[in-house]
Amino acid sequence: MRFRPRRFQIGAGLAAIFLAASFGLGVADETPASADPAPAEAEPAPLNPLLETCVAAQVPETAALACTTAIESRQLQGEALAGALFTRGMAQGRRGQLPAAINDFTAALTLTPDATDVLYARGSAHAAIQRHDLAIGDFSAILKIDPKDADSLYRRAWSYTMLGRDKEAIADLSAVIGEAGDDMDALMDRGGLNIRLGDFDAAIGDFSAILKLDPKAAAAFYNRGRARALQNDFAAAAKDFAAAQESRADNPYAALRRYLATARSGKAEETLLSETIGRYPPEQWPLPILATLAGDMRESDLLASADLADRNVTQRLTAEAHFYLGEAALAKKDMKAAKAHFEAAAKGDRTIPEVIDAGWRLKQQPE
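Described in the following lines is the structure provided in the data block. All of these numbers come straight from a predicted model, not from anything done at the bench.

Under the criterion given, the structure shown has 18 salt bridges. The partner of Arg226 in a salt bridge is Asp357, with the nearest N and O atoms 2.7 Å apart. A residue pair is termed long-range when its members are at least 10 positions apart, and Arg226 in helix H12 (residues 218-230) and Asp357 in helix H20 (residues 353-364) qualify at 131 residues. Residue classification places Arg226 among the buried positions, given a relative accessible area of 4%. The partner of Glu327 in a salt bridge is Arg264, and the shortest N-O contact between them spans 3.6 Å.

Below is the structure:
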């Protein structure tokens, strides 16, 4: 899933304190002629200078120092103290000190337990350190206050996804889509989760909905092609991969998938391999996979080329290589080799599309 920023809304709570301090928000004078003049609004109490300095600081290090001075002065109480803690927590987060940020957000919430901005910030920090169970708790607390908060629904869906709770994630994404049917991020992510759950028709529906909104959305074409290929509708899949290739010429994966779809249909477009190999640098991934399918590289050399210093990258590239080799083996009706490759690919991280697709290919294989 994509990681998108919160769209902060002006309302009661800490955000309103900061905005009022910065911009002097007031009430427009639109009193009807026939009505008695409304009593003058009391001027908002000026901020403590220590808090004002803390809030106004732009550089994270400066903000953290100013807010620490304000907090340790013991001159702040209630929402003012919560504001300083929240601001210092945000500065700590920008400095990459997430545990310290979480401590500040937690302290702020003891003073203002319904401050949704603070809950959102703590939930995001929890998610960033992979404490998705705690992140879900924070986003759920926001949603008790505002059940239609799209950003919290989206972030909670992401944490559900990371915990493998795909059905709950889909429910949250569906709520986002229900509020704003044109949310292409939510449609894209729901489509991906539907593939992971094996509901390929629903996935195709989500990607088709995106294409109605943006007829040139390469990612929607590509992922709809994935779903159709997993349904063994290779002719339709090849058309989608061709459209993805046309919409985004800098992505060789669409050409690779398109070639395999045509090969699985018995009408392999061999020229796709040579054309794609000639268009990109030979070291660019997944060019080594295309070279292997073209007979220009051995499988052992392909897998060796995926072995890099970064272990996570190596696992991803290796899983991809095995999946595409498995698809090529199926096209040649070498079921034994296909199964071995899919088994190797399916051991990877289930957020990787090729790992997901390899798992479904294994389930489709006869015993």
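Back to the write-up after that little detour.
In total, this model carries one disulfide according to the counting rule given. Disulfide partner of Cys54: Cys67, at an S-S distance of 1.9 Å. Its S-S torsion of about 80° marks the bond between Cys54 and Cys67 as right-handed, since a negative value means left-handed. Of this pair, Cys54 sits in helix H2 (residues 49-56) while Cys67 sits in helix H3 (residues 60-72); the two residues are 13 residues apart in sequence, bridging distant segments of the chain. Overall, Cys54 belongs to the buried group, its relative accessible area being 0%. On the basis of relative accessible area, Cys67 is assigned to the buried category, the value being 0%.

A few words now on helix H5 (residues 98-111). End to end, H5 covers 20 Å across 14 residues, agreeing with the expected 20 Å (1.5 Å per residue, within 8%). Looking at H5, one finds that the buried residues are Leu98, Ala101, Ile102, Asp104, Phe105, Ala108 and Leu109. One side of H5 carries all its buried residues, which in axial view fall inside an arc of 165°. Structural note: H5 exposes Pro99, Asn103 and Thr110 on the side pointing more than 90 degrees away from its buried face. Residues of H5 that are buried make contact with helix H4 (78-94) and helix H6 (116-128).

Right, let's get into helix H19 (residues 335-345). An α-helix turns once every 3.6 residues. As a result, residues three or four positions apart point the same way. Turning to H19, its buried residues are Ala338, His341, Phe342 and Ala345. The buried residues of H19 all sit within an arc of 100° when viewed along its axis, so they share a single face. At its buried positions, H19 is contacted by helix H17 (299-305), helix H18 (311-331) and H20.

The next subject is the packing of aromatic side chains. Applying the stated criterion across every chain yields a total of six aromatic pairs. Three or more aromatic residues joined by ring pairs make a cluster, and in this case those are Phe323, Tyr324 and Phe342. A cation over a ring is seen here: Lys363 above Trp360, with NZ or CZ 4.4 Å from the ring centre.

How each quantity is defined
For every chain, the first residue of the written sequence is number 1, and numbering continues from 1 onward in sequence order. Side-chain atom pairs in this predicted model are given and counted only at pLDDT of 80 or more, local residue features only at pLDDT of at least 70, and totals for whole chains, interfaces and linings cover all residues. Remark: hydrogens and water are excluded; side-chain values derive from all non-hydrogen atoms of the structure. Between Lys or Arg on one side and Asp or Glu on the other, a salt bridge is scored when a side-chain nitrogen of the former is within 4 Å of a carboxyl oxygen of the latter. Counting from the N terminus, the helices are the DSSP runs of H or I reaching at least four residues and the strands are the DSSP runs of E reaching at least two. Note on exposure labels: buried denotes an accessible area under 20% of the residue type's maximum, exposed denotes more than 50%, and partly exposed covers the range between, all computed with a 1.4 Å probe on protein chains only. Disulfide: a pair of cysteine sulfur atoms within 2.5 Å of each other. One less than the number of residues in a helix, times 1.5 Å, gives the span that helix is expected to have. Along the arc lie the directions from the helix axis toward the C-beta atoms. By definition in these notes, contact holds between two residues if any of their heavy atoms fall within 4.5 Å. Working definition: a ring pair exists when centres of Phe, Tyr or Trp rings (six-membered ring for Trp) sit within 6.5 Å. Plane angles under 30 degrees give stacked, over 60 give edge-to-face, the rest tilted. Criterion for a charge above a ring: Lys NZ or Arg CZ within 6 Å of the ring centre, and within 35 degrees of the ring normal.

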